[in-house]
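Architecture and fold: a report
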Protein chains: 2
Amino acid sequence: MKQSLPFSAAKLNALLDQSGVDVLLASSKHNVQYLLGGYRYFFFEHSAAIGLGHYLPVMGYLKGREVCAFYVGGGDENWGTEVFPIWPERVANVSWSARESARVAAEFLKSAGLTAPRIALEFELWPVAAWECLRSELPDATFLDATEILEELRVVKTEAELHHLRNAATGIVDSMLAAFQWVRPGVTETEIVQQLRVEQTLRGLDYEFALITTGPTFGRGPSPRRIANREILSLDTGGRHHGYLADMARMAVLGEPTALMKDLLQEILDIQQAARTVIKPGALGSEIYDLALQTLKRCPHQKEMRFVAHGIGLIAHEGPRLTATGPVPYADKHAPRPLEAGMVLSIETHLKHPEVGFVKLEDTVAVTDSGWEAFGDWGRGWNVLNVA
Amino acid sequence: MKQSLPFSAAKLNALLDQSGVDVLLASSKHNVQYLLGGYRYFFFEHSAAIGLGHYLPVMGYLKGREVCAFYVGGGDENWGTEVFPIWPERVANVSWSARESARVAAEFLKSAGLTAPRIALEFELWPVAAWECLRSELPDATFLDATEILEELRVVKTEAELHHLRNAATGIVDSMLAAFQWVRPGVTETEIVQQLRVEQTLRGLDYEFALITTGPTFGRGPSPRRIANREILSLDTGGRHHGYLADMARMAVLGEPTALMKDLLQEILDIQQAARTVIKPGALGSEIYDLALQTLKRCPHQKEMRFVAHGIGLIAHEGPRLTATGPVPYADKHAPRPLEAGMVLSIETHLKHPEVGFVKLEDTVAVTDSGWEAFGDWGRGWNVLNVA
């Protein structure tokens, strides 16, 4: 190998073995980045379509045979791998379509002597053109879904990953606070989000999305609605640092918050605090939910409140899974699993109040050896905005 | 229908008829946007993965039955469609995975009475999980590739599309010129690209990618290399305005250009100019290539030069296809086809000189009723940078 592997080969080999997999073919941006120690091809970062083809990178890993690992990149991808050398010895930056990527991957597998491999693919992503090609080139192959294998491989973050997540969280919160200070009565939600994009970009983040509400409304898409004096503003936004995502929410008000506004945000702060309290290695995900929901049930505005917690890292909802009740339908298999140091959670509580509007906090909390650390843990009260 | 259709239903029906298609299921960002008149769901604009699923929007169109058109969106996608209402009467914003999107789409097809439809999908994109679901739900369906049908549907741009492409081109060129003026000796390629991202974002564009070289180098990925006095800088960058992409290249030099630098860029300007000369409705794509390549063959540095021209719009290489010699392997079927007003071309020439480096211009040229119009057609000489 040119370099040491950026992940635990022992863990991956064990996961593949448990699932009866001979070969892993990863193709999503996040899993390719993970297996290649941070590499993402900048040219196709935002769009995969070119001509009649779609960019499909293929990171191939043969169980227990790291030396046979290979990478199939785009036709111009030497522009990427010469700046960021990757560890597989076999790199073919030749493909202009998903079908061609699959054909080259099949050649690598055949050259490694595999004739009837059990291949794990990301079924939610791997395209029909590439699937038909693999089945034609390797008629005796069988196929399994790689998604959960790779989620499990990524579940505990390294120091380098925590560094990126900390930087993402810091940048996201600072961007929201800067965008808040730019707001004046009469600016639209769309304009506020545009300013937020600028603030994230100035801080070196890759902007991902923003949800926004102003005043007593609950629709969270950026709209032409104009904020008025004494109205509240909720921002919930994602941005990446070297591919690692922070997704956080903060509140502001145009003028001084009313007593009701203070009460509502305090209820949310109390739930967010309760959720943190139990976080430490060995705690169960369900304990987080139990304590948060007990606190929620004591809140005066509990009927319109919602609490969610989930893992975060290279994608917005990933391992560890803490419950079956998240917004993304999950099996509950991870609920009884103890937390480990290096896992990172996104913890979120919102409420809807007909007079005040949508009130939400979302925080990024890492499990540490001694308990927890919240990244970018400021600006969580009412951010009071200038009224010009 | 809530609204009139944003594309020609007659043209689409004819294209589907020619291909023997009953139903079109479009899922790529660009084709969904096209069929929905500009709509893109902001939340999944940059990443599709969430939890164990991937976001897969499905725009379903039944040949000749516009009233049966449907859209399957993500589980939270009312946040998008309530701000930007879309024309299909049937909208189901319910899906958290590609498999679920396919299941809901199959339900719509069955409720429209289709039992053995001939379905056109984007094979380079449609995922295995969604494919297996469709085949299970509609066991008598047959499948065709939708990619070329949709490319043809999009090939002539409307006034609204030309407006977005003009704004994208203007913003891209202005962003490059602003980034140039920020450069000082000793800054890295990575830092220059970061500044370019900021300039694009400030102008309301969605940054897409940047290729860069400094000094006598040919690797175009942003690297830690520092630019020095008297060196050249090439930028080739893409950015979107409302989804429409401009992809353009401009040159700069730290200090006054040498006589050799002036000669090299003039050779490229001559080829770029020759390529434009023949553009008008009725001209053949091959005429553009013929005249450009004749001019290239008279250039002193012809051995290291390359000319490319291709359609551009919602993706970087799309119809009209002008030749089989582009970087993306194309069939030559469009070469003899006459240009039409409203087609938009990206025209590019580069050369590699061992002492000077990589020299390139890329321009955006629309076919008009009387000939052509180049968008953002400035900054095409040597942009001379301050030497602090």
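What this report covers is the structure whose coordinates are included nearby.

**Description of the pairing of strand 11 (residues 244-254) of chain B**
All names here are of chain B. In terms of burial, strand 11 is largely enclosed, as 11 of its 11 residues are buried. Judged by which residues are buried, strand 11 turns out to be covered on both faces: Tyr244, Ala246, Met248, Arg250, Ala252 and Leu254 on one side and Leu245, Asp247, Ala249, Met251 and Val253 on the other are all buried. Pairing geometry for strand 10 (residues 232-241) and strand 11, over 10 bridges, is antiparallel. For Asp236, the partnering residue across the bridge sits in strand 11 and is Ala249. By the bridge criterion, 4 bridges tie strand 11 to strand 16 (residues 382-385) in an arrangement that is parallel.

**Points about helix 1 (residues 9-19) of chain B**
All names here are of chain B. Those residues of helix 1 not exposed but buried are Ala9, Leu12, Asn13, Leu15 and Leu16. Take helix 1 and look down its axis: the buried residues cluster within an arc of 160 degrees, on one side only. Away from its buried face by more than 90 degrees, helix 1 exposes Ala10 and Gln18. Looking at the packing, one finds that the buried side of helix 1 touches strand 1 (23-26), helix 2 (29-35), strand 4 (58-62) and helix 6 (147-153).

**A look at the interface of chain B and chain A**
Taken residue by residue, the interface counts 59 residues in chain B and 59 residues in chain A. Both sides of the chain B and chain A interface together cover about 5,200 Å² of buried area, and 63% of this is carbon and sulfur. It is His46, Leu52 and Glu124 of chain B that lose the most area in chain B upon contact with chain A, and together they represent 16% of the buried surface on that side. Counting across the chain B and chain A interface gives 2 salt bridges. Measuring nitrogen to oxygen at the nearest pair gives 2.3 Å for the salt bridge that ties Asp206 of chain A to Arg197 of chain B. Remark: the boundary between chain B and chain A carries 25 residue pairs in polar contact (both at pLDDT 80 or more). Contributing elements (two or more residues each) for the side of chain B that touches chain A: helix 2, strand 2 (49-50), strand 3 (53-54), helix 4 (98-111), helix 5 (128-137), helix 6, helix 8 (189-202) and strand 9 (206-214) of chain B. Tallying contributions element by element places strand 9 of chain B first for the side of chain B that touches chain A, with 6 residues. Each residue belonging to the side of chain B that touches chain A can be placed in one class, and the counts come to 30 nonpolar, 15 polar and 14 charged.

Procedures and definitions
Numbering of residues begins from 1 in every chain and follows the order in which that chain's sequence is written. Here chains are named by letter from A upward and ligands by number from 1 upward, in the order in which they appear as written. Residues qualify for local features only when their pLDDT is at least 70, as the model is predicted, and side-chain atom pairs are given and counted only at 80 or more; totals for whole chains, interfaces and linings, by contrast, use all residues. By convention in this description, side-chain values take in all heavy atoms of the structure and omit both hydrogens and water. Working definition: with a 1.4 Å probe on protein chains only, accessible area under 20% of the residue-type maximum means buried, over 50% means exposed, and in between means partly exposed. A helix here means a DSSP run of H or I that spans at least four residues, while a strand means a run of E at least two residues long, and both kinds are numbered starting from the N terminus. Pairing between strands requires that DSSP locate at least two bridges from one strand to the other. Arc, as used here, means the arc of the directions from the helix axis to the C-beta atoms. Residue contacts are counted whenever heavy atoms from the two residues lie within 4.5 Å of one another. Two parts placed together each lose some accessible area under a 1.4 Å probe, and adding up what both lose gives the buried area. By convention in these notes, a salt bridge is any Lys or Arg side-chain nitrogen within 4 Å of a carboxyl oxygen on Asp or Glu. Polar contacts here mean pairs of N or O atoms no more than 3.5 Å apart (in protein, one a potential hydrogen donor and the other a potential acceptor; neighbouring residues in sequence count only if both atoms are side-chain atoms). Gly falls in the polar group here, along with every residue not listed as nonpolar (Ala, Val, Leu, Ile, Met, Phe, Trp, Tyr, Cys, Pro) or charged (Asp, Glu, Lys, Arg).

Don't take any of this as a statement about function, it's just geometry.
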